[in-house]
Amino acid sequence: MDTTQIRLAQRPVGEPDASTFTTVTEALPELADGQVSLAIRYLSLDPYMRGRLSTAKSYADPLEIGDVMIGGTVGEVVESRFDGLLPGDFVLSYSGWQTAAIADGNQVRKLDPSVAPVTTALGVLGMPGFTAYAGLLEIGRPKEGETVVVAAGTGPVGSAVGQIARIKGARAVGIAGGPDKVRALTEDFGFDAAIDHRAPDFVDQLRAATPDGIDVYFENVGGAVFDAVRRRLNTYARIPVCGLIANYNLTSAPEGPDQMAGLMGQILTKSLTIRGFIQSEFTRSHGRDFVRDMGEWVGSGQVRYLEDVVDGLENAPSAFAGMLRGENFGKLVVKVG
Ligand code: NAP
């Protein structure tokens, strides 16, 4: 069995482009006992992958030049030497940007396509959905009647944050880029208000959408959105810092005055809680509850999800770069084969 792989060719400066990646086809090794061979059907593209292209110190090691790009995948078992998995079974694995792979049977999770579409294991019922659930409930702790604000609101994390906030009785305000995404926030995901961070009057829109201030700001983006949001924070506001996508392609510090003194003053005088997190730290404490609650909410339609499916592994590099610019509309998944 051959696999076509997309590997890291060179570290990007700024936006990744075609020169960042290289494509290689090679034969897979023989199966050993306890292993399965997989035909990869879907690949998840996620913002964290940008961090792995850089040698900047982070919570996870960078990829080396020549490594296969990492990523969550849904694969179909082709051949099995692992008890409990048969050809035709679908599994969640971490096989990366390639068309086929060998995996240890005890490192994959079997999926049941009759319960939910297998792609949801990469989105609302997978890592991004869990990020929203654990980050919002553990750090954001929204209370009934409070205002929760989230940007990248139509993505898998942001859309789940807004909908879970509403389930908990809070008012959800979504931020997204462009009129189509803004419409989806209220019409598809049920946000109470939606605003466009690309609009020239964004700051005015934010003020109008948050008449009682902001109690929880689930931070997905940083940059100009954070600058505007922080001025509307209420006393005791909580900020789960989940992602800072506005910064991921930066090659130098952003222009403009240093805002640190103002921000520290606000943290002090408004008793703000700002706490970063990586979702995996909550697996033990919140994993079971997530499977129970999110499974129920998605099953009942209380939590809806949107997927943006791109056809063909060869289109993964451009789709990935596009996501960092906001071109995806929903959870970005590549249909590999
Ligand atoms: P996503 O929303 O599907 O895609 C990223 C979105 O970010 C884009 O579609 C774009 O949406 C928005 N964006 C890009 N540049 C922006 C900018 N300068 N200002 C404002 N918005 C911008 O991604 P996701 O998978 O749900 O991830 C959302 C965030 O969560 C990311 O920051 C990611 O790194 C983070 N994350 C963290 C963890 C963790 O463990 N801490 C786990 C998963 C994800 P618009 O067109 O609407 O602007």
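Residues numbered from 1 in each chain as written. Predicted model: local features only at pLDDT ≥ 70, side-chain atom pairs only at ≥ 80, totals over all residues. Heavy atoms only, no water.

Participant: Residues and numbers for the packing of aromatic side chains, please.
Facilitator: Counted by the stated rule, this structure contains eight aromatic pairs. With a centroid separation of 6.3 Å and 25° between ring planes, the pair formed by Tyr-217 and Phe-226 is classed as stacked. On the accessibility criterion, Phe-226 (15% relative accessible area) is buried. Of the aromatic side chains, those joined through ring pairs into one cluster are Phe-130, Tyr-133, Phe-290 and Trp-297. (Phe/Tyr/Trp six-rings, centres within 6.5 Å; stacked < 30°, edge-to-face > 60°. Buried < 20%, exposed > 50% of the residue type's maximum accessible area, 1.4 Å probe, protein only.)

Participant: An account of unusual backbone geometry is needed here, citing residue identities and associated values.
Facilitator: Both trends apply: most residues other than glycine have a negative phi, and most peptide bonds are in trans. One non-glycine residue, Tyr-236, lies in the positive phi region at around 70°. Note that Tyr-236 resides in strand β12 (residues 233-241). By relative accessible area, Tyr-236 is classed as exposed at 56%. The backbone of Ser-271 sits at a positive phi, close to 50°, despite the residue not being glycine. Position of Ser-271 relative to the elements: it lies in the loop between α7 (260-269) and β13 (273-276). (Helix = DSSP H or I, 4+ residues; strand = E, 2+ residues; numbered from the N terminus.)

Participant: Which residues make up the site of the ligand, and what values go with them?
Facilitator: In the vicinity of the ligand, 27 residues are found, and the nearest of them are Lys-181, His-197, Asn-220, Gln-279 and Asn-328. A distance of 2.6 Å separates an oxygen atom of the ligand from a polar atom in the side chain of His-197. Here Tyr-248 contributes a side-chain N or O atom positioned 2.8 Å from an oxygen atom of the ligand. Relative to its unbound accessible surface of 910 Å², the ligand loses 92% to contact with the protein. Broken down by secondary-structure element, the contributors of at least two residues to the shell around the ligand are α2 (127-140), α3 (156-167) and α9 (316-325). Along the lines of polarity and charge, the residues of the shell around the ligand split into 16 nonpolar, nine polar and two charged. Formed jointly, the shell around the ligand draws a minimum of three residues from each of two domains, domain 1 (2-123 + 306-335) and domain 2 (127-280). (Near = heavy atom within 4 Å. Polar contact = N/O pair within 3.5 Å; in protein donor to acceptor, adjacent residues only side chain to side chain. Areas by Shrake-Rupley, 256 points an atom, 1.4 Å probe, with all protein chains shown as cover. Nonpolar A, V, L, I, M, F, W, Y, C, P; charged D, E, K, R; others polar. Domains from an automatic or database assignment.)

Participant: How would you summarise the domain arrangement of the protein chain if you had to cite specific residues and measurements?
Facilitator: As far as domains go, the protein chain holds domain 1 (2-123 + 306-335) and domain 2 (127-280). Each of domain 1 and domain 2 was reduced to a C-alpha centroid, and the two centroids are 29 Å apart. Taken together, the 21 residues of domain 1 in the interface contact 15 residues of domain 2. Counting across the interface, domain 1 meets domain 2 through five residue pairs in polar contact (both at pLDDT 80 or more). Only α1 (48-52) and α9 provide two or more residues apiece to the side of domain 1 that touches domain 2. Among the elements that make up the side of domain 1 that touches domain 2, the one with the highest residue count is α9 (three residues). The class makeup of the residues in the side of domain 1 that touches domain 2 is eleven nonpolar, five polar and five charged. (Contact = heavy atoms within 4.5 Å.)

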